[in-house]
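Reading the structure
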Amino acid sequence: MHDQISAAIDAATRNALLSELAGIVPAAALLTADEDLKPYECDGLTAYRQVPLAVVLAADESQVVAVLRACHRHGVPVVARGAGTGLSGGATPVGNGVVLSLAKFMRILEIDPLARTARVQPGVRNIAISEAAAPHGLYYAPDPSSQIACTIGGNVAENSGGVHCLKYGLTVHNVLKLRVALIDGDIVEIGSAALDSAGYDLLAVMIGSEGMLGVVLEATLKLTPKPQVAQVVMASFDDVIKAGNAVADIIAAGIIPAGLEMMDKPATAAVEDFVHAGYDLTAAAILLAESDGTPEEVAEEIAAMCAVLEKSGARDLRVSQSEAERLKFWAGRKAAFPAVGRITPDYLCMDGTIPRKHLAHVLTRIAELGEEFGLRCANVFHAGDGNLHPLIMFDANVPGEIDRATGFGARILELSVDVGGTITGEHGVGIEKVQQMCVQFSREELEAFHALKAAFDPRGLLNPGKAVPTPRHCSEYRLIGSAKGATT
Amino acid sequence: MSDLTEQFADRIRAASGPLCIRGSGSKDFYGNAPRGEVLEAGGHRGIVGYEPTELVITARCGTPLAEIKSALAERRQMLAFEPPSFGDAATIGGVVAAGLSGPRRATAGSVRDFVLGVKLLDGEGRLLTFGGQVMKNVAGYDVSRLIAGSLGTLGLISEVSIKVLPLPMAEATLRFELPQDKALDLMNRWAGQPLPVSATCWADDSLTLRLSGAGTAVESASSALGGERVADAAAAHFWTSLREQRHAFFAADGDAAALWRLSVPSIAGALDLPGATLVEWGGAQRWIRGGSSDAPRAAALRVGGHATLFRGGDKSAGVFQPLDPVTQRIHRDLKRSFDPRGILNAGRMYPDL
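Each residue is numbered by its place in its chain's sequence as written, counting from 1. Lettering of chains starts at A and numbering of ligands starts at 1, both following the order in which they are written. Selection of residues for local features in this predicted model requires a pLDDT of at least 70, selection of side-chain atom pairs for listing and counting requires 80 or more, and totals for whole chains, interfaces and linings are taken over all residues. Hydrogens and waters are ignored; side-chain quantities use all the structure's heavy atoms.

1. Brief notes about the sheet that holds strand S8 (residues 175-181) of chain A
Residues and elements named next belong to chain A. With antiparallel pairing, the five strands of this open sheet are ordered in space as S5-S6-S10-S8-S9. Two strands bound the open sheet, and with one partner strand each, they are strand S5 (108-112) and strand S9 (187-191). Here the average twist between neighbouring strands, direction ignored, is 10°. Strand pairing is assigned whenever DSSP detects at least two bridges linking the two strands. Note on conventions: DSSP H or I runs of at least 4 residues are helices, E runs of at least 2 residues are strands, and numbering of each starts at the N terminus. Pairing of S8 with S9, which is carried by five bridges, proceeds in the antiparallel orientation. Among the inter-strand pairings, Ala-181 is bridged to a residue of S9, identified as Ile-187. Of the strands in this sheet, S5, strand S6 (117-120) and strand S10 (215-222) are in contact with helix H4 (residues 126-133), which crosses S5 at around 45°. Every axis in this analysis is a line fitted to C-alpha atoms, fitted for helices over the stretch in contact. Angles between the N-to-C directions lie between 0 and 180 degrees. Whether two residues are in contact is decided by their heavy atoms: any pair within 4.5 Å suffices.

2. Some words on the state of the cysteines
For this text, the term disulfide refers to a pair of cysteine sulfurs within 2.5 Å. Under the criterion given, the structure shown has one disulfide over all chains. The disulfide partner of Cys438(A) is Cys474(A), and the gap between their sulfur atoms is 2.0 Å. In this structure, the disulfide formed by Cys438(A) and Cys474(A) twists by about -85° around the S-S bond and is classed as left-handed. Taken as a pair, Cys438(A) in helix H15 (residues 437-440) and Cys474(A) in helix H17 (residues 471-476) lie far apart in primary sequence, 36 residues in all. For the pair Cys438(A) and Cys474(A), one class covers both residues: buried. In this model Cys20(B) remains outside any disulfide bridge; the closest cysteine sulfur is found in Cys61(B), 13 Å from its own. Partly exposed describes any residue whose relative accessible area lies between the buried limit of under 20% and the exposed limit of over 50%, with all areas from a 1.4 Å probe on protein chains only and scaled to the type maximum.

3. A closer look at the confidence of the model for chain B
For every residue, the predictor reports its confidence as pLDDT, a number between 0 and 100. Looking at chain B, the pLDDT average stands at 96 and 99% of residues meet or exceed 70. Scoring of the predicted complex yields 0.96 for pTM and 0.97 for ipTM.

4. Overview of the sheet that holds strand S3 (residues 47-51) of chain B
Note on sheets: strands pair through backbone hydrogen bonds, and any given pair is parallel or antiparallel. Residues and elements named next belong to chain B. Pairing is antiparallel in the open sheet, where five strands are placed in the order S3-S4-S8-S6-S7. Edge positions in the sheet fall to S3 and strand S7 (127-131), since each has one partner strand and no second. Across the sheet, the mean angle separating the axes of adjacent strands is 10° when strand polarity is ignored. With four bridges joining them, S3 and strand S4 (residues 56-60) adopt antiparallel strand pairing. Within S4, the residue paired with Tyr-50 across the bridge is Ile-57. Each of S3 and S4 is contacted by helix H2 (residues 65-74), which is oriented at about 25° to S3, the strand it contacts most.

5. Section: the interface of chain B and chain A
Contacts between the two partners involve 72 residues from chain B, matched on the other side by 85 residues from chain A. In short, buried area is how much 1.4 Å probe accessible area vanishes from two parts on joining, totalled over both. For the chain B face of the interface with chain A, the top three residues by lost area are Lys136(B), Val138(B) and Tyr141(B), together amounting to 16%. Counted as salt bridges are all cases of a side-chain nitrogen of Lys or Arg within 4 Å of a carboxyl oxygen of Asp or Glu. Our count for the contact surface shared by chain B and chain A stands at eight salt bridges. When the shortest N-O distance is used, the salt bridge between Arg261(B) and Asp196(A) registers 2.5 Å. Under the rule applied, a polar contact is a pair of N or O atoms within 3.5 Å (in protein, one hydrogen donor and one hydrogen acceptor; residues adjacent in sequence only if both atoms are side-chain atoms). Linking chain B with chain A are 26 residue pairs in polar contact (both at pLDDT 80 or more), by the criterion used here. A per-element tally of the side of chain B that touches chain A places helix H12 (residues 325-338) of chain B first, with 10 residues. Classifying every residue of the side of chain B that touches chain A by side-chain character gives 34 nonpolar, 22 polar and 16 charged. Residues are grouped as follows: Ala, Val, Leu, Ile, Met, Phe, Trp, Tyr, Cys and Pro are nonpolar; Asp, Glu, Lys and Arg are charged; all remaining types, including Gly, are polar.

6. So, the packing of helix H1 (residues 11-24) of chain A against helix H3 (residues 61-74) of chain A
Residues and elements named next belong to chain A. Close contact between H1 and H3 brings their axes to 10 Å; oriented N to C, the two are set at 170°. The orientation of H1 with respect to H3, classified from their angle, is roughly antiparallel. As for the relative orientation of H1 and H3, their crossing is right-handed in sense. Residues Thr-13, Ala-16, Leu-17, Glu-20, Leu-21 and Ile-24 of H1 form the contact with H3, whose own contacting residues are Gln-63, Ala-66, Val-67, Ala-70, Cys-71, Arg-73 and His-74. Residues that form the contact of H1 with H3 fall into these classes: eight nonpolar, three polar and two charged. Any angle from 65 to 115 degrees is called roughly perpendicular, while one under 35 is roughly parallel, one over 145 is roughly antiparallel, and all others are oblique. In this scheme the handedness of a crossing depends on how the near helix is turned from the far one: anticlockwise by less than a right angle means left-handed, clockwise means right-handed.

7. Concerning the environment of Pro225(A)
In this structure, Pro225(A) sits in strand S11 (residues 224-225). A sequence separation of 127 residues divides Pro225(A) from Gly352(A), and the C-alpha atoms of the two residues are 31 Å apart. When residues no more than four places from it in sequence are discounted, the contact partners of Pro225(A) are Gly137(A), Leu138(A), Tyr139(A), Ala191(B), Gly192(B), Gln193(B) and Pro194(B).

8. Re the pattern of salt bridges
All told, the structure shown has 50 salt bridges over all chains when counted by the stated rule. Arg112(B) is the partner of Asp201(A) in a salt bridge, and the nearest nitrogen-oxygen pair spans 2.8 Å. With Asp201(A) in the loop between S9 and helix H7 (202-206) and Arg112(B) in helix H5 (residues 111-114), this residue pair bridges two chains. Like Arg112(B), Asp201(A) is buried. Among the ionic contacts, a cluster of salt bridges with common partners joins Glu61(A), Lys177(A), Arg179(A) and Glu189(A).

9. What about the domain arrangement of chain B?
Residues and elements named next belong to chain B. Each domain's extent is set by a domain assignment, obtained either automatically or from a database. By the assigned domains, chain B splits into domain 1 (5-166 + 332-338), domain 2 (170-243) and domain 3 (248-311). At the interface, nine residues of domain 1 touch five residues of domain 3. Taken together, the two surfaces of domain 1 and domain 3 that pack against each other cover about 650 Å², and 69% of this comes from carbon and sulfur. Scanning the region where domain 1 abuts domain 3 turns up zero salt bridges. Summed over the shared surface of domain 1 and domain 3, the result is one residue pair in polar contact (both at pLDDT 80 or more).

10. Structural notes on the packing of helix H8 (residues 240-252) of chain A against helix H10 (residues 295-311) of chain A
Residues and elements named next belong to chain A. Between H8 and H10, the shortest axis-to-axis distance is 9 Å and the interhelical angle comes to 140°. Comparing their axes, H10 and H8 come out oblique. Taken as a pair, H8 and H10 cross one another with a handedness that is right-handed. From H8, Ala-246, Asp-249 and Ile-250 reach across to H10, where they touch Met-305, Val-308 and Leu-309.

11. Quick notes on the nonpolar core
We define the nonpolar core as a collection of buried residues of types Ala, Val, Leu, Ile, Met, Phe, Trp, Tyr and Cys that are connected through side-chain atoms lying within 4.5 Å of one another. Membership of the largest hydrophobic core comes to 162 residues, with the highest contact counts inside it found for Leu178(A), Met262(A), Leu287(A), Leu452(A) and Phe456(A). In this structure, Phe456(A) is in contact with Leu182(A), Ile183(A), Leu202(A), Val205(A), Met206(A), Leu213(A), Ile330(B) and Leu334(B), ignoring residues within four places of it in sequence. Counting residues in hydrophobic clusters, the runner-up holds 40 residues, among them Leu17(A), Leu30(A), Ala54(A) and Val215(A).

12. Observations regarding helix H9 (residues 232-243) of chain B
Residue and element names in this part refer to chain B. Take the number of residues in a helix, subtract one, and multiply by 1.5 Å to get its expected span. A rise of 1.5 Å per residue sets the reference length of H9, with its 12 residues, at 16 Å; its end C-alpha atoms lie 17 Å apart and thus fit the reference within 8%. Those residues of H9 not exposed but buried are Ala-235, Phe-238, Trp-239, Ser-241, Leu-242 and Arg-243. One or two steps after H9, the chain reaches Gln-245, where phi turns positive at roughly 55°.

13. Some words on the packing of aromatic side chains
Here is the rule: rings of Phe, Tyr and Trp (six-membered ring for Trp) pair when centre to centre is within 6.5 Å. Planes less than 30 degrees apart are stacked, more than 60 are edge-to-face, and the remainder are tilted. Counting across every chain of the model gives 18 aromatic pairs over all chains. Judged by centre distance (5.5 Å) and plane angle (80°), the ring pair of Phe29(B) and Phe86(B) falls under edge-to-face. Of this pair, Phe29(B) sits in the loop between strand S1 (19-22) and strand S2 (37-40) while Phe86(B) sits in the loop between strand S5 (77-78) and helix H3 (92-98); the two residues are 57 residues apart in sequence, bridging distant segments of the chain. Judged by relative accessible area, which is 12%, Phe86(B) ranks as buried. Ring geometry for Tyr30(B) against Phe310(B): centres 5.1 Å apart, planes inclined by 50°, an arrangement best described as tilted. Highlighted residues: Tyr30(B) in the loop between S1 and S2 and Phe310(B) in strand S17 (residues 306-311), separated in sequence by 280 residues. Cluster of aromatic residues (ring-pair linked, three or more members): Phe29(B), Tyr30(B), Phe86(B), Phe249(B), Phe250(B), Trp287(B), Phe310(B), Phe320(B) and Tyr350(B). Geometrically, a lysine NZ or arginine CZ counts as sitting over a ring once it is within 6 Å of the ring centre and also within 35 degrees of the ring normal. Lys226(A) extends its terminal NZ or CZ atom over the ring of Tyr139(A), reaching a point 5.6 Å from the ring centre. Lying across the ring of Phe238(B), Arg175(B) places its NZ or CZ 5.1 Å from the centre.

Below, the structure written as structure tokens:
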């Protein structure tokens, strides 16, 4: 377990800030009572909890600016929060800090079908954007599995992906412009309605910055024409390695599938029981490969993928014969996390990305580590882009199991770094993986991150203690193996 | 090829004044005039890793763009942002530092969209690694994409990893005789439909459009859109000449005359500016030739875009659109954080960076 992050604030400062906040928002929008703060004590990473000093439910831009100014003046940390669906503790409150909820910013301000853009407030849910764009034959491409609940502000903070990002990109590829409030209350527009802007690409820095550089007030997003049709092939393999090689073979054939996902046997077993997607439960792994586009294009690509998959040793192939069947095949994949949640009291979701050629080695090591730690693990894999989600199952009520689970998880992340990958592909570092940052980055690189943050937030008040560890933090973290951060 | 990173680092550490990082010099014309002692980066070259099935190529900064393109072509892959070279010797480091993308940009994405990782020597000569060779990576701030287009002002790109894509199975180029406003409207409408458009160009009352993708998709879009089909060899020549600015539009006045690049929302109507216009990127990039005033800057700003004095003209007022005060402050602080002594490509982008 990590230590909770807490700021040292004296009583006088606390009282002064609270009375200022009370002057900014109506009483109902300022939560300070324990029972009101409780729902905000964690995000989707429920293993870490911290009650904040206060939660402010801002309703407009002027309130956000006033809250930030007040906190800045008093030196009190601020954690911005959307729907709280994040999986790495990016929205876990800071003790004695303020949680700034953007939940009331839920308006879609404009859909421009000719320009193919949507201008939305940060609290708008991901899927609501695609729903609003649908009448124009457009949609917002990034589709994280939490898309029915997660908000665009959170997607920007985490640079969220989804199952279609190999072809359509991540959040960073689909945002044109952000209106952002800095900690001192200054407002800055980053990016533009054009395809680029003068100066540095600040948009690239802001997206995925885990709420540590600014608070998103408004986002202009790129909309994509909805493909006419989509079809998916489900391939069964009697060997996980064969399935991994089949992915490489598809790419080598010059095909970029719209989606390319793999699940191992423990994952399909959990899922099938839950959603009855028709998965082959005797297979060691199944692969879902989707094609989208014009009917001719899809027919051509599906035929090509089937040929490749057969040659790669798939023992069974099923092509979706209707939209309903396609959605059924995907329903299993999209429900993988909750499905695993049903068969275990608790689970930890890892998020490393690896060069795909090391898949066999990594999966073998994960199985060995599972034995070593005495815990079960199901693997769900964004195979096209190498992003692996091992789901470590445990029971927090059994003494010692949570420590074993986090230990197991840490080893998987370090393994990802060892093979040339990264500790997080799309869920963010947050509070969960902050220690493993010491493995992936050197002291100098971490210093560069801190210096970059200081250009936006010199006093370090936005979401402190997350994402980028201090050198001291790293020297306290006993490194396992010969990590490059050993210089700290 | 020898690894010159340590040599570069020594040179940066020892520098007492501005250093001008230079690959082949093919883009010396771009940005504010280079100044300081030249640090030749072109000798640090070679493809370090290329994994076609992982869609990633990693190369040292001095690797010629041409070498990378031919290595990719052998495996039927490409740099999807279709970078211009502006000279046979252009290096990949220069491509990333300049951040310029070609005809495919509006649909495929820009340089920064494809940068996955960099090894960077900062202004103190420290070698820092950001990002990596994988497609999805959110550990730490996305510094590698920030470096794309930063004109060497934040560090010397020693090595870069770039996402690559398969070459399209088929391509077709169509031509339509149309006035500018009609062409702008059509480009925007087509972009809203699921058509495999990969590039557009309007000049001299003629709209040229390229389709790329699966053979069947290209053929069906081609017959649905109509227009005159341009022969393959002529089409390839056209898109290359456009990318390299050897198209007649660019050649007309010579290198000394002002060439403005306007980056604007694609739906902005025809801009009322003196001088000839060439439109690319579905309407989002407009080239304006001639004229000595800074009217293009005001015109771009009016529609929510920005203008760059791309070539020639009078650079004394600066090449890039001025920044608002808050953005300017962030730029200065970022520059200071990577290059505290302010020696790397000083002034190339803005006078105070």
